[in-house]
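The lines below spell out each chain.
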Amino acid sequence: MAREAQIAYLSLAIVTDYDSWMEDNSKHVEISKIFELYNESLQDVLSLIQQVVKNYSSEEIETCPSRKALMGSVITPDTKLNSNQKKLLELLRL
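Given the structure is predicted, the values throughout are model-derived calculations rather than measurements.

Brief notes about the layout of surface pockets
So, point 1. By volume, the largest pocket amounts to about 510 Å³.
So, point 2. Around the largest pocket, the lining is made up of 16 residues, and of these Ala8, Tyr9, Val52, Val53 and Tyr56 lie nearest the centre.
So, point 3. Counting only elements with at least two residues in the lining of the largest pocket, the list comes to helix H1 (31-54) and helix H2 (58-62).
So, point 4. Residue contributions to the lining of the largest pocket peak at 4 residues, all from H1.
So, point 5. When grouped by side-chain class, the residues that make up the lining of the largest pocket number 12 nonpolar, 2 polar and 2 charged.

Structure representation (C-alpha cells):
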C-alpha cells in the first residue's frame, strides 16, 4: 500500500526476547524485563529515525524515486480514458 501511495518506507525490527529459543525455562527472563528491553530499544529506534530524517533535504525527499513509482503503471493511452479516469490519473502524476 505504501508503494501504491508512492511513500518510501523500510521495516525495522526490535528484538527483545533473546532467550525464546531456550528449552530450559529457568533461563527465560520475566515479561517485565522484555518490556524494559523493548522500551530501551524503542528509544534507540526513534533516535535512529530522527538521525536519518534530518540527513535528507526537502529537495531530496521530493525527488525520491518512490514519489514517481506509479508514473508508468498505467499503459492505457490517455486518449482511451474518459474524463473521470483522466482526473484520477492526474493525481498519480503529481
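Re the pattern of salt bridges
So, point 1. Within the structure shown, the criterion is met by 2 salt bridges.
So, point 2. One salt bridge connects Lys33 with Glu36, and the closest N-O pair in it is separated by 3.5 Å. Of this pair, Lys33 and Glu36 both sit in helix H1, 3 residues apart, roughly one helical turn.
So, point 3. In this structure Lys33 comes out as partly exposed when scored by relative accessible area, which is 34%.
So, point 4. Among the ionic pairs, Arg67 bridges to Glu62, the shortest N-O distance being 3.0 Å.
So, point 5. Looking at Arg67, the relative accessible area reads 35%, which means it is partly exposed.
So, point 6. You can call Glu62 partly exposed: its relative accessible area is 48%.

Thresholds, definitions, all that
Residues numbered from 1 in each chain as written. Predicted model: local features only at pLDDT ≥ 70, side-chain atom pairs only at ≥ 80, totals over all residues. Heavy atoms only, no water. 1 Å grid on protein atoms, 1.4 Å probe; cavity = no way out; pocket = protein on both sides within 12 Å on 5 of 7 lines; lining within 4 Å. Points joined across faces, edges and corners; volume = space filled by probe spheres on them. Helix = DSSP H or I, 4+ residues; strand = E, 2+ residues; numbered from the N terminus. Nonpolar A, V, L, I, M, F, W, Y, C, P; charged D, E, K, R; others polar. Salt bridge = Lys/Arg side-chain N within 4 Å of Asp/Glu carboxyl O. Buried < 20%, exposed > 50% of the residue type's maximum accessible area, 1.4 Å probe, protein only.

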